[in-house]
Every structure is written in C-alpha cells, then in structure tokens.
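# Structural characterization, general
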Amino acid sequence: MGLAIEARNLVKKYVSYERRGFLRRRKLIVEALRGVSFSVKKGEVFGLLGPNGAGKTTTIKIIATLLIPDGGYAKVLGHDVVEEAEKVREVIGVALSVEKGFFWALTGRENLKYFGMLRGLKDHELEQRMEYVIRLVGLDELNAADKPYEEYSLGMRARLSLARALLPNPPILLLDEPTVGLDPPSARTIRNLLVDLAHKENKTVMVTTHNMFEAEMICDRVAIINEGKIIAIGRVPDLKRMVSNRVAIELIFSTPSTSLNTIEEKVSRYLSISEINVEPLKEGKAKIRIIGKPGEEEIIASKVIEILYSMNVKVHHVHVQEPTLEDVFILMTKKGGEKWVRVFG
C-alpha cells in the first residue's frame, strides 16, 4: 500500500509570556510537540485524536507546510515538508477551518473559481472540477453554489471548505475537525464523503478530532495524542481490546439541584473507582458512565442508584455495554494513563 505521510520525532515549541504583576512578564517555553512519530498509509482514513491543546492542530499544520518543526521531520509522498514544501503543497488539499479564508460577498462558485485559479486550474478543466466538487459535497442539492457566502449556514460552509480542498484533485486531504459545530445531518454527510473518498477514490484522508464517536465510525486507524506525545496508535478494534476486560455501566438521571461535579466526586469516593464520567444531556437529564470489571455490573449500578436517590435524584435508565473508543481515550489521556501506551501497527 505504501506510505502517504511519515512523521518522525516532531518537536515544536512556542514562546509565551506569563503576567507577573501589572508590568512584569515571565517568558515561558511551551512544548506543543515532544517527539511525535506516526505514519499514514495510502488510501486510509487516519484520525489524530486528542483533547484541546494536545498538539493536533500543530501537527497537521506542520504536515501542511504551514509551520516549521523545531526538531524531527515529516514527509508527504516522500517529499520533506520543509525542504520540498512546494512539492508537498502540490499533492495536498487542506481545510483547517470551515469558515476561514473565503470572500463573504462572493458566491460559493465564485470562491471556488478564485481558489482554483490560484492552484493553477484554467478554463475547461477548472469548470469541470468546480462542477464535480459542487455535486460531490452536495452544494447543488442545497441550491447553495450560487448564493453569497455570507448567507451560508455552518453546514454549507463546511461543505464548501471541503470542496475547496478537493478542487485540485489532491491525493491527500488534511482536515482539522471538519465536522465541529455541525448539525447531525451535515456531519453525517461529511463523514460518509470522507470514507468514500478514501475507500472508493483511494485518497488518503487525515483528520483531527476529539469526537470519539466520529473517529470510531470513519477511521481505519487512529493515533491518540496527549500533551504533545503520541500515546497510542492502531486500528480502533485493537485499541478497544485494551479495555476488553471491562464493562461500561451507564445511568441516565434527572438533572440534580446539586452540581454534576459533586455527584461524580461522591460516586468516585464511595465506589473507589476513578474511571467515572458525568455529563449533562438535553431535556433536563444527565448521564453517569462508569468503567468496571465484568461481573460487578449489578453491584455498581445498585450503589450508584442508592447514592442518587439519597440526593433526591430520579434514575430513568440503566444499561451495560462494551467499552467504546471514548473509554479508551479517557483512560489513556487521564493522569497516569501513560502506563497504557500501546502501538498496533
């Protein structure tokens, strides 16, 4: 299959300043990447997952030749991103934001024509590519291609951003959180399109995201990055097997008068279990998710119900399921998670 992208020991540092009073500041060196290494195969969807500030965007900007690393190297189809930046730019399509870089007074079609000309497309070839990508991302179905960009919804802007990246027909796509903020139908359209581009058109797609559900749906392989380091890389099923000796217990309950943090702390202390996550849902409800050992499901669920009832909180549903990629992610990115580091080809 061959490699489309190769990164070895990437290091990137930023200079920041911390205020030390009204006029004084202290210089800080922020290590965004601390020896990041991974490879992406041709024709696959590769996900770079991590919490905010983990180094995802810095990594993809280096691959896209927008940042120069302070150490290590990266190659795209064998071309070094620093020494052969122009050759790299010829083979990549980049979308780092669904909203930045477009001219608001121009229509979607006019924007594409402008950016196509910048990429060297002309006349009949440009018109053909424009019509193709407009149909491909579904802007024709939304009757949006000839609307001014300023009238676009966020979903339309995401589609146009992807269309711009696809315009020169690059073999490699670099996308930074391509579905962030989108409604479910728009996000599904983008996800399905990315899978088709990789598996049917043999394009290489690299995406950054912290949406574990999305990564599990579309990625052939994923790398988890945290605090500037890759802490796991491999196929989703392989990573999920790391927690195969565990079960996930979920309880849906009414939003309490007390804070969700208080519930999480109380349950964690009472059960002596650290792998607990509490989050708000819609319609006045919340969810608590606990990772435990097989055979302990009933004991854990009954104890949590007891705690919630003691706080006058009504429980609506309880169910047990296999751990997800999100559970792997939470386990590995929490403090002390480095001991779980695994690499699966």
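Reading the values: rules and limits
- Residues numbered from 1 in each chain as written.
- Predicted model: local features only at pLDDT ≥ 70, side-chain atom pairs only at ≥ 80, totals over all residues.
- Heavy atoms only, no water.
- Core = buried A, V, L, I, M, F, W, Y, C linked by side-chain atoms within 4.5 Å.
- Buried < 20%, exposed > 50% of the residue type's maximum accessible area, 1.4 Å probe, protein only.
- Helix = DSSP H or I, 4+ residues; strand = E, 2+ residues; numbered from the N terminus.
- Patch = residues over 30% accessible without salt bridge, like charges linked within 9 Å, V, L, I, M, F, W, Y side chains within 5 Å.
- Areas by Shrake-Rupley, 256 points an atom, 1.4 Å probe, with all protein chains shown as cover.
- Salt bridge = Lys/Arg side-chain N within 4 Å of Asp/Glu carboxyl O.
- Pairing = 2+ DSSP bridges.
- Right-handed = clockwise from strand over helix to strand, strands pointing away.
- 1 Å grid on protein atoms, 1.4 Å probe; cavity = no way out; pocket = protein on both sides within 12 Å on 5 of 7 lines; lining within 4 Å.
- Points joined across faces, edges and corners; volume = space filled by probe spheres on them.
- Nonpolar A, V, L, I, M, F, W, Y, C, P; charged D, E, K, R; others polar.

## Side note on the nonpolar core
By size, the foremost hydrophobic cluster in this structure holds 54 residues, and its most contacted members are Leu-162 and Leu-194. With seven residues, helix 5 (residues 154-166) is the largest single contributor of residues to this core.

## Some details on a nonpolar patch on the surface
A contiguous nonpolar surface patch, about 300 Å² in accessible area, is contributed by Val-15, Tyr-17 and Ile-29. For Ile-29, the position within the fold is in strand 2 (residues 25-41). Note on Ile-29: relative accessible area 51%, which makes it exposed.

## Quick notes on the pairing of strand 8 (residues 204-209)
Most of strand 8 is tucked away, with six of its six residues classed as buried. Neither face of strand 8 is open: one carries Thr-204, Met-206 and Thr-208, the other Val-205, Val-207 and Thr-209, and all of them are buried. With five bridges connecting them, strand 3 (residues 45-49) and strand 8 associate as parallel partners. Note that in strand 8 the partner of Val-45 across the bridge is Val-205. Crossover handedness for the path strand 7 (residues 172-176) to helix 6 (residues 184-199) to strand 8: right-handed.

## What to know about the layout of surface pockets
Each pocket or cavity is described by its volume, and for the largest pocket that value is around 370 Å³. Along its surface, the largest pocket is lined by 14 residues, and Ile-92, Gly-93, Val-94, Arg-119 and Arg-164 are the ones closest to its centre. Mapped onto the lining of the largest pocket, the elements with two or more residues apiece are strand 6 (92-95), helix 3 (108-118) and helix 5. The biggest single contributor to the lining of the largest pocket is strand 6, with three residues. Broken down by class, the residue content of the lining of the largest pocket amounts to nine nonpolar, two polar and three charged. Within this model, the second largest pocket holds a volume of roughly 280 Å³. Looking at the second largest pocket, it is lined by 15 residues, and the ones nearest its centre are Thr-179, Ala-187, Arg-191, Asn-211 and Glu-214. A per-element tally of the lining of the second largest pocket places helix 6 first, with four residues. Residue classes in the lining of the second largest pocket are distributed as six nonpolar, five polar and four charged.

On their own, these measurements won't tell you what the molecule is for.
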